[in-house]
Amino acid sequence: MRILLVDNADSFTRNLEHLLLATVSGADVGVIPYVGLAEADPADFDLVVISPGPGRPEDYPAYARVFEVGRPVLGVCLGMQIINQWRGGRTAMLPGCIHGRAEVIDWNGQRRQVARYHSLHVTEAGRGLAVLARNDAGVIMALGSRTHGLLGYQFHPESFMTPEGGIFVVHALDFLGLR
Amino acid sequence: MPSTFSACVERRVFDALAAELVRETDNCLDQGADVLLSVPGHPAATTPFIGAGRGDELVFSAETTPEEVREFCFGSPGAAFGFVSYTYGMLLRGVTSAKPLDFPLGHLRKYAATAGYDEATGTVTMSGEARAMDGLRKRLARIERNPPDADWPLPLSAGPQEGPELSLPRKEYEAGVRETLARIRAGDVYQLNLSTRFRVKRPELDPAGFFLNLWSRRPAPFYAWFASGTRRVVSTSPERFLRVRGKEVLSQPIKGTLRLEDGENAQGLAARLTGSAKEDAELSMIVDLIRNDISAHCEVGSVRVAAHKSVFQVDRLLQMYSDVSGVLRTDRDCLDLFFEAFPGGSVTGCPKASAMAVIDQLEPHSRGVYCGSMLLVRGERDMDSSVAIRTAVCDMQTGILEFWAGSGIVVDSDPASEYQETMAKADKFLTPEAP
């Protein structure tokens, strides 16, 4: 499987790359910086992954061409907010923002520990996006659309504080019809 | 012809040899030595090193490339030792700054002879040119015959002292913390390390005595003495940046500090440190960052975290750290790893590039060697390096001693507490005479 991982100048992108390589058998992961996105053709890939990163989703307008191509997209943290923004959703500052903390959330009928790093959160899901998970305080932790091939995780499956990060990658492949 | 020599000696004999050579550095730059001392048994302990008799040098400019550093280190035999500045790290990470470059961006040296001490076997091993080695051997034999008294370090000179002058005094430092908090809430950074520079005029200061006195009373795992032009770098860091031994990679980032007051229970205080949600978040974030930074040159699936939230005591401070390890890819060397991960995430914040850009806006000073690294490269897969915190630079020409201290700011940081933590870290150089 050919995966394009777009790096939004984050310090966790390689953790995500290694998680993808370790979880997806036979994966070929190409990592490009956000500024190099114009030179890549998302149509050449089976999956596009949008990394976490600093700033707000509106700071990253170049993703429009990724969505227009229509390949399956997985977004992590800022990546999820970018997907949501593209579908007309809303993002706002998270009161008492949270960075470097682990917490347990409900996930497909089980309790799973995940790592959180975010100053912003999705306050209104975009068109056609279903909220797939919230934390105990009601903050959206995952959203997506099978129809549109979009999935976002607000938490960080690549963190060492998410002990079973691989299951979220496997889930993404299933959800996006890649397995 | 290069040769080698090994002998069993007591550790204090090796340290005394290092001390003698350090003292001579100030008398004559062609004599003396650069040294790296360490504390046996400490989690971040490193192999002590002496580099004597100056060989080739590489003084970094903005144009120096990692490839040139690689050629310098690996192109000829012998260990290379010196520093790489934080400012050079800014260039590597593409962070531009308008601040003047008034200090070499790095300085590495090779030596006529080197000596290392293996704590496990009690063996000193020397290598280098026969004549230079001979000199070292004779000195070692003389010291062994007449071991120094326990109080060999020089007393500190109590001459006049002006200052300190802080680049970010209390009010400005706390304002910097508040600005950092605003940047965190806006999502620009997740964590940021903010520092202040201290400047003290001490024309009478004997830097060698200063270094040796501190070493004898407040030892730490990475004590480095390095002569660079008219400056003497006195680095007393407790923190390992990156070690490579064969294929094994180890980083030991420190986050979380508590001052241990007289009579206080260290165990109770350590529990307070490990139980703090704020300190936990601070360290965990940097552990994830270090995992990222070493992953570029480590085997997929090899990067691990162990001993998370361990605590050790140094400089009357309790510090929390973790072990982040990995397996170096067979087609990579230690400098690939070093330059990809440099500067250490514990002194930048996260994400690294945006944190470094904000740091440059908030700090009026240059960090120079501070928050860079003291680096010892013995071979392509044999390296150890510190994060150059608790580090001072003494200019022999101007008599000015500069040092820096800082703290990691996270969303629930309190400006006044962060300033206090910064002052606690600066205490080693602010009041070096204190017991």
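Residues numbered from 1 in each chain as written. Chains lettered and ligands numbered in written order. Predicted model: local features only at pLDDT ≥ 70, side-chain atom pairs only at ≥ 80, totals over all residues. Heavy atoms only, no water.

A. Local environment of the environment of G82 of chain B. Residue and element names in this part refer to chain B. Mapping G82 onto the fold places it in strand 4 (residues 80-84). What makes G82 buried here is its relative accessible area of 0%. It is 9.6 Å that separates the C-alpha atoms of G82 and L36, two residues lying 46 residues apart in sequence. Residue contacts for G82: discarding those within four places in its chain leaves H107, L108, F226, S373, M374 and L375. (Helix = DSSP H or I, 4+ residues; strand = E, 2+ residues; numbered from the N terminus. Buried < 20%, exposed > 50% of the residue type's maximum accessible area, 1.4 Å probe, protein only. Contact = heavy atoms within 4.5 Å.)

B. Spatial organisation of the interface of chain B and chain A. At the interface, 33 residues of chain B touch 25 residues of chain A. Note on chain B versus chain A: buried area summed over both sides is about 2300 Å², and carbon and sulfur give 56% of it. For chain B, the biggest contributors to the area lost against chain A are Y190, D288 and N292 of chain B; these three give 26% of the whole. Here chain B is connected to chain A by 2 salt bridges. As a salt-bridge pair, R14 of chain A and E340 of chain B come within 2.3 Å of each other at their nearest N and O atoms. (Buried area = accessible area lost by both parts, 1.4 Å probe. Salt bridge = Lys/Arg side-chain N within 4 Å of Asp/Glu carboxyl O.)

C. The UniProt feature "domain: Chorismate-utilising enzyme C-terminal" (unreviewed entry) in chain B, seen in detail. As recorded in UniProt, the feature "domain: Chorismate-utilising enzyme C-terminal" (unreviewed entry) lies at residues 170-425 of chain B. Between the first and last C-alpha atoms of residues 170-425 of chain B the distance is 14 Å; the span itself is 34% helix and 36% strand. (UniProt positions renumbered as here; feature names shortened; annotations may be inferred.)

D. Structural view of the UniProt feature "domain: Glutamine amidotransferase" (unreviewed entry) in chain A. Per the UniProt record, "domain: Glutamine amidotransferase" (unreviewed entry) is found at residues 4-165 of chain A. The annotated region residues 4-165 of chain A carries 17% helix and 41% strand content, and the separation between its end C-alpha atoms amounts to 19 Å.

E. Molecular detail of the nonpolar core. One finds I50 and L335 of chain B to be the most contacted residues of the largest nonpolar core, which totals 133 residues. No other element matches the 8 residues that helix 1 (residues 11-27) of chain B contributes to this core. For this core, the domains that each give at least three residues are domain 1 (3-166 + 198-247 + 366-404) and domain 2 (251-327) of chain B. Discounting residues that sit within four places of it in the chain, L335 of chain B has contacts with V69, R70, C73, F74, L375 and V377 of chain B. Core analysis: the second largest hydrophobic core is formed by 31 residues, I3, L16, A27 and M141 of chain A among them. (Core = buried A, V, L, I, M, F, W, Y, C linked by side-chain atoms within 4.5 Å. Domains from an automatic or database assignment.)

F. Quick look at the packing of helix 1 (residues 13-23) of chain A against helix 4 (residues 165-175) of chain A. All names here are of chain A. The contact between helix 1 and helix 4 brings their axes to 10 Å, and the two run at 70 degrees. It follows that helix 1 is roughly perpendicular to helix 4 by the angle criterion. Contacts between helix 1 and helix 4 involve L19, L20 and T23 from the first element and G165, G166, V169 and V170 from the second. Its residues assigned to classes, the contact of helix 1 with helix 4 comprises 4 nonpolar, 3 polar and no charged. (Axes fitted to C-alpha atoms, helices over the stretch in contact; angles between N-to-C directions. Parallel < 35°, antiparallel > 145°, perpendicular 65-115°, else oblique. Nonpolar A, V, L, I, M, F, W, Y, C, P; charged D, E, K, R; others polar.)

G. Quick look at the environment of V59 of chain B. Residue and element names in this part refer to chain B. Locating V59 in the fold gives a position in strand 3 (residues 49-59). Linking V59 and V69, residues 10 residues apart in sequence, is a C-alpha distance of 9.8 Å. Ignoring anything within four residues of it in the chain, the contact list for V59 reads T64, P104, G106 and H107.

H. Expanded view of the packing of aromatic side chains. For the coordinates displayed, the defined rule picks out 33 aromatic pairs over all chains. Relative to F155 of chain A, the ring of W107 of chain A has its centre 6.1 Å away and its plane inclined at 85 degrees; by these criteria the two rings are edge-to-face. Of this pair, W107 of chain A sits in strand 5 (residues 90-107) while F155 of chain A sits in the loop between strand 9 (150-153) and helix 4, and the two are 48 residues apart along the sequence. With a relative accessible area of 4%, W107 of chain A lands in the buried category. Taking the centre distance of 5.6 Å and the plane angle of 5 degrees together, the rings of Y370 of chain B and W404 of chain B count as stacked. With Y370 of chain B in the loop between helix 10 (352-362) and strand 17 (373-379) and W404 of chain B in strand 20 (residues 400-409), the pair connects residues that are 34 residues apart, well separated along the chain. Accessibility expressed as a relative area gives 3% for Y370 of chain B, which makes it buried. Of the aromatic side chains, those joined through ring pairs into one cluster are F49, F81, F83, F103, Y111 and F226 of chain B. The ring of F72 of chain B has K110 of chain B lying over it, and the distance from NZ or CZ to the ring centre is 6.0 Å. Residue placement shows R137 of chain B over the ring face of F5 of chain B; its charged tip is 4.2 Å from the ring centre. (Phe/Tyr/Trp six-rings, centres within 6.5 Å; stacked < 30°, edge-to-face > 60°. Lys NZ or Arg CZ within 6 Å of the ring centre and 35° of its normal.)

I. Quick look at the packing of helix 2 (residues 66-74) of chain B against helix 9 (residues 334-341) of chain B. All names here are of chain B. Contact geometry of helix 2 with helix 9 gives a least axis separation of 10 Å together with a crossing angle of 145 degrees. The chirality of how helix 2 crosses helix 9 is right-handed. Contacts from P66, V69, R70, C73 and F74 of helix 2 reach helix 9 at C334, L335, D336 and F339. The residue inventory of the contact of helix 2 with helix 9, partitioned by class, reads 7 nonpolar, no polar and 2 charged. (Left-handed = near helix turned anticlockwise from the far one by under 90°.)

J. Geometry of the environment of Y86 of chain B. All names here are of chain B. Looking at the element boundaries, Y86 is found in helix 3 (residues 86-92). Its relative accessible area of 2% is what places Y86 among the buried residues. Distance from Y86 to P203, taken between C-alpha atoms, is 26 Å for residues 117 residues apart in sequence.

K. Just the sheet that holds strand 9 of chain A, in detail. All names here are of chain A. Spatially, 7 strands are ordered 2-1-3-4-9-8-7 in an open sheet, and the strand pairing comes out mixed. The open sheet has two edge strands, strand 2 (28-33) and strand 7 (130-134), and neither has a second partner. Going from strand to strand, the sheet's axes swing by 20 degrees on average, the running direction of each strand aside. Across 4 bridges, strand 1 (residues 2-7) lies against strand 3 (residues 47-50) in parallel orientation. Looking at the pairing, L5 lines up with V49 of strand 3. The strands touched by helix 1 within the sheet are strand 1, strand 2, strand 3 and strand 4 (73-76), with strand 1 carrying the most contacts at an inclination of about 170 degrees. Of the strands in this sheet, strand 3, strand 4, strand 8 (140-145) and strand 9 are in contact with helix 3 (residues 78-86), which crosses strand 4 at around 125 degrees. (Pairing = 2+ DSSP bridges.)

L. Focus on the pattern of salt bridges. Following the criterion strictly, the structure yields 42 salt bridges over all chains and no others. What emerges from the salt-bridge pattern is a single network uniting E20, E24, R139 and R142 of chain B.

M. Spatial organisation of helix 9 of chain B. Residue and element names in this part refer to chain B. Within helix 9, 7 of the 8 residues are buried, which leaves it mostly tucked inside the rest of the structure. Within helix 9, the full set of buried residues consists of C334, L335, D336, L337, F338, F339 and A341. For helix 9, the capping residue at the N-terminal end is D333, with a side-chain oxygen 2.8 Å from the backbone nitrogen of L335. (Polar contact = N/O pair within 3.5 Å; in protein donor to acceptor, adjacent residues only side chain to side chain.)

N. Inspection of the pairing of strand 2 of chain A at higher detail. Residue and element names in this part refer to chain A. Across 6 bridges, the pairing between strand 1 and strand 2 is parallel. Residue V6 lies in a different strand from strand 2, and its bridge partner there is I32. Once you follow strand 1 into helix 1 and on to strand 2, the crossover reads as right-handed. (Right-handed = clockwise from strand over helix to strand, strands pointing away.)

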